[in-house]
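Chain by chain, the residues run as shown.
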Amino acid sequence: MSQDVILGIESSCDDTAAAVVDRDGNVLSSIIASQTHIHSRWGGVYPEFASRAHALTVVPTIEKALEEANVKGPDLKAIGVTRGPGLIGSLIVGVNTAAGLGLGWNVPVIGINHLRGHLCSADLVERRVELPAIVLLVSGGHTFLARMESLTSIQLLGSTRDDSVGEAYDKVARLMGLGFPGGPAVDKLAKTGTPSIPFPRPMLNEGFEFSFSGLKSAVGRFLDKNPDVAHADVAASFVSACMEIMITKCKRALEAYPAECLVVVGGVAASPQLREGTMELCDRMGVKLCLPPLKWSTDNAAMIGLAAWDYLNAGVMPPLSATASLPITEF
Ligand code: KG4
Ligand code: ZN
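Computed from a predicted model, the values in this text were never measured in an experiment.

Colleague: Lay out the coordination of the zinc ion (ligand 2) with the relevant residues and their values.
Modeller: The protein atoms donating to the zinc ion (ligand 2) are His114 (NE2), His118 (NE2) and Asp299 (OD), with metal-donor distances spanning 2.0 to 2.1 Å. Because the angles between the four donor atoms bound to the zinc ion (ligand 2) fall within 97 to 139°, the donor set is best described as irregular. Along the chain, the residues donating to the zinc ion (ligand 2) are arranged with the sequence spacing H-x3-H-x180-D. Of this pair, His118 sits in helix 4 (residues 114–121) while Asp299 sits in the loop between strand 10 (288–290) and helix 10 (302–314), and the two are 181 residues apart along the sequence. With a relative accessible area of 0%, His118 lands in the buried category. Residue Asp299 is classed as buried on the basis of its relative accessible area of 18%.

Shown next, in the form of structure tokens:
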């Protein structure tokens, strides 16, 4: 019997994920097969290994998600699958699997923009986002500020000229031997240190664009010159620089454009420092803060499933092909 639920599939980077979500963003099941154990020894994601692992785990992950939600494939309303941006080999595994299943089950398959998935993560479990909104998306692959008036009206205000903030966290973690992914480890260490080192804040006083590669290099040079320094102070100083940059840019955007809320999404939205900093900013500015539930800040398939509901409601059906680069302004 047909059910009002969508299966989301996510395989754009290093996690194979499947989830079943209803139209209100309630998550009936969410399974994530992590590849951290495969990539950690390289200090970053090894694309070919990622695709091979996706190919092995995608079907069992989907089966588990359906079983946990007690839904049969042919009874799904639709399948939403990440079509980009991301690692092309990884994306192809998800898209082709979804296309095959859709054909076999006679269920429509919608190709989803991963970045729009992150946007939807702030609406999981409970609809929070009110428009117009300023969006800060900070992940391993992306860092940008955007203005959102509706699903079809998103304007990019500024993105990073080089590294994403998540990438900077991961590289700094590697320099300090903290393992991969580095974000949570750097945050944790930072909490035990003092932000006493004046690392640069690139582009702090200019517009909405970001740059993190100079900051990352400054941390590297400082560690080379000061091998005996307390790593906790380095982590605290690095995080403090990242926070000042992100909070200043958000404030600038909120001052420049009318907004009901600030939406902060992407893996780095799991950072307690960023959650606290944006909360303080929003309190001061009288704006609502919309954060995804912590467990759905990093990559997952529930956000892809919820985005698929938006696409379905808006009648949007992008081409079902894997696309390595895809801006937030597109579907
Ligand atoms: O959104 P995501 O899961 O994957 C991409 O789409 O890129 O983001 C992953 C990034 C990684 O760089 C990771 O280090 C970072 O998010 N991250 C964090 C935290 N948890 C994950 N960064 C800072 N603090 C965290 N707690
Ligand atoms: Zn992501």
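Colleague: Please give an account of the pattern of salt bridges that cites residues and values.
Modeller: Per the stated rule, a full pass over the model turns up twelve salt bridges. Between Arg161 and Glu209 there is a salt bridge, with the nearest N and O atoms lying 2.8 Å from each other. Taken together, the residues Arg161 in the loop between strand 8 (153–159) and helix 5 (165–175) and Glu209 in the loop between helix 6 (183–190) and helix 7 (213–225) connect sequence positions 48 residues apart. Owing to a relative accessible area of 56%, Arg161 belongs among the exposed residues under this scheme. Salt-bridge contacts for Lys216 lead to Asp163; the nearest nitrogen and oxygen are separated by 3.0 Å. Note that Lys216 is positioned in helix 7 and Asp163 in the loop between strand 8 and helix 5, a separation of 53 residues in sequence. The class for Asp163 is buried, based on a relative accessible area of 8%.

Colleague: Let's hear about the sheet that holds strand 6 (residues 133–138): which residues, and what values?
Modeller: Backbone hydrogen bonds hold the strands of a sheet together, and the pairing may be parallel or antiparallel. Read from one edge to the other, the open sheet built from five strands follows the order 8-7-6-9-10, with strand pairing classed as mixed. Looking at strand neighbours, the two that pair on one side only are strand 8 and strand 10, the edges of this open sheet. Adjacent strand axes in the sheet meet at a mean angle of 20°, parallel and antiparallel pairs treated alike. In this sheet, strand 7 (residues 143–150) lies alongside strand 6 in antiparallel orientation, the contact comprising six bridges.

Colleague: Please give an account of the nonpolar core that cites residues and values.
Modeller: Membership of the largest hydrophobic core comes to 47 residues, with the highest contact counts inside it found for Leu145, Tyr169, Leu215, Phe238 and Leu262. For this core, the elements supplying multiple residues, two or more each, are strand 6, helix 5, helix 6, helix 7, helix 8 (231–256), strand 9 (261–265) and helix 9 (272–285). Element by element, the count of residues in this core is highest for helix 8, at 14 residues. Other than its neighbours up to four places away in sequence, Leu145 contacts Ile134, Val135, Leu136, Leu156, Leu157, Gly158, Phe208, Phe210, Lys249, Cys250 and Ala253. Core analysis: the next-biggest nonpolar cluster, separate from the first, contains 21 residues, Ala17, Cys120, Ala302 and Tyr311 among them.

Cut-offs applied
Residues numbered from 1 in each chain as written. Chains lettered and ligands numbered in written order. Predicted model: local features only at pLDDT ≥ 70, side-chain atom pairs only at ≥ 80, totals over all residues. Heavy atoms only, no water. Donors = N, O, S within 2.8 Å, 3.2 Å for Na, K, Ca; no water. Tetrahedral: all angles 85-135°; square planar, octahedral: opposite > 155°, others 65-115°. Helix = DSSP H or I, 4+ residues; strand = E, 2+ residues; numbered from the N terminus. Buried < 20%, exposed > 50% of the residue type's maximum accessible area, 1.4 Å probe, protein only. Salt bridge = Lys/Arg side-chain N within 4 Å of Asp/Glu carboxyl O. Pairing = 2+ DSSP bridges. Axes fitted to C-alpha atoms, helices over the stretch in contact; angles between N-to-C directions. Core = buried A, V, L, I, M, F, W, Y, C linked by side-chain atoms within 4.5 Å. Contact = heavy atoms within 4.5 Å.

On their own, these measurements won't tell you what the molecule is for.
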